[in-house]
Amino acid sequence: MSDHGAEQTEHVDVVVVGLGPGGEHAAQKLAEAGLSVVGVERGLVGGECPFYGCIPSKMMIRAADALAEARRAQDLAGDVEVRPDWSRVATRIDKQATNHWDDESHATRLAEAGVRIVRGHGRLDGPGRVRVGTTTYVAARGVVLNAGTEPATLPIDGLAATPHWTNREVVRLAELPASLVVIGGGPIGAELTQVFARFGVRVTLLEVAERILGPEEPEASAVIHRVLVEDGVDVRTGVTIDRVDHDGTFRVLVDGEIVVSEQLLVAAGRRTNLADVGLETVGLDPAGRVVDTDERMRAGERLWAVGDITGRGAFTHVSMYQAAVAVRDLLDQDGPLADYRAVSRVTFTDPEVGSVGLTERQARDAGIAVVTGHAEMPESSRGWIHQAGNEGIVKLVADSDRGILVGGTTVGPFGGEVLGLVAAAVHAEIPVATLRGMHFAYPTFHRAIEAALADLGV
């Protein structure tokens, strides 16, 4: 170490900037391999997923789904009285999921692996160099950048001046409002809308696009739209939101009408944290929305990038997958290169929406000779047995020239689990003929895939 007044320089093997799931995984594996690793984090070690995203939100969803299932007992088993109590959800999130939003368990695990955690804002300072405060860390092997994302803002007049919520405020709620407007009908907006509606909140969902869950198949969007309406949600699509005001209550001007609610949740996606990480010092565009990487996750000289900032999907599983690829490259190990043909994703509404690979439109736009197969989940044996809450569809997208699936969507109870077979088929390019020759356990939800395969014109 050399000391120049307050300025310091330290030499290490690797610096990981951002300790969300991907950065956390990379730092731990590199340290366990014997490298000297510094992990830089300005927020909570572990990132968005365990504290504000995946884990607490799924606890909320699990609770809301339990309420819905209890209410279905009237159709299937007998009379049940349901009295929602949000305090049980809040307590579980606080104590079980986040430990009062304390990252000690995450930090301790990394420290025990040999990672030195530095708290603060990390900024690139040339190839292999990261500056945190007055200290510059020089990484002999390189830097792994995992800067992550934050809730996106919207350029709606008056919105910025209001005390509106994002997903970060929502997971800390101790009490629920009587009414709520949700702006954004993507996965987060759809999931949270359903949660609050099932707990008795009067919810209005606003989506500027023509349908909710826009990136998904239109058939999937239609199912979730219909279910949300059945849950009592006022779903409005194709709207123009002109202004938001707050005077104790929120007043949202939508298509000339004022919608009044106690609270407002903005669930309009995520934006990458790339504005002030020093991309210009390594020859990259500081105004870029994403960091381009090759199949080894390399983004430049002695620089690897993983996670949401790569633009390959804001999913924890993608970030950790990319981290594993980067770790192998840093350690000069053989292994599969990054491959995104079969990226799977799940929207945890009820029914769940599972998707993998290309949608029908994406496949057609790519010039593929597309054929599709469909099946209705309620018409499957398990769906018919399940009855209440059995909504859903299976849609398969195939390349008729090659006789393989290139994408698929599974909407239904446990739709994310049913997706597994389709994801494997897309990833491994299993011939449709082979899939049709399989045994599909009876009676399961995934037998709907067999029906969709039979509907394919391949």
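Just so it is clear, the structure is predicted and the values come from calculations on it, not from any experiment.

Definitions and cut-offs
- Residues numbered from 1 in each chain as written.
- Predicted model: local features only at pLDDT ≥ 70, side-chain atom pairs only at ≥ 80, totals over all residues.
- Heavy atoms only, no water.
- Disulfide = S-S within 2.5 Å.
- Buried < 20%, exposed > 50% of the residue type's maximum accessible area, 1.4 Å probe, protein only.
- Phe/Tyr/Trp six-rings, centres within 6.5 Å; stacked < 30°, edge-to-face > 60°.
- Helix = DSSP H or I, 4+ residues; strand = E, 2+ residues; numbered from the N terminus.

Novice: I would appreciate a short explanation of the state of the cysteines in the present structure.
Specialist: By definition, a disulfide links the sulfur atoms of two cysteines through a covalent bond. Under the defined criterion, the tally for this structure stands at one disulfide. In this model, C49 is linked to C54 through a disulfide, with the two sulfur atoms separated by 2.1 Å. With the S-S bond torsion at -135°, the cross-link from C49 to C54 turns out left-handed. C49 gets classed as buried once you look at its relative accessible area, which sits at 12%.

Novice: What is the right way to look at the packing of aromatic side chains in this model?
Specialist: Describing an aromatic ring pair means giving the distance of the ring centres and the angle of the ring planes. Throughout the structure, instances matching the rule amount to four aromatic pairs. With a centroid separation of 5.9 Å and 40° between ring planes, the pair formed by W86 and F196 is classed as tilted. With a gap of 110 residues between them, W86 in helix α4 (residues 86-97) and F196 in helix α7 (residues 187-198) connect regions that are remote in the sequence. The residues W86 and F196 share a single accessibility class, namely buried. Ring centres of W86 and F199 lie 5.0 Å apart, and the angle between their planes is 85°; on these two criteria the pair is classed as edge-to-face. Highlighted residues: W86 in helix α4 and F199 in the loop between α7 and β10 (202-207), separated in sequence by 113 residues. There is no split in this pair, since W86 and F199 are both buried. An aromatic cluster is built from W86, F196 and F199, whose rings are joined through pairwise contacts.

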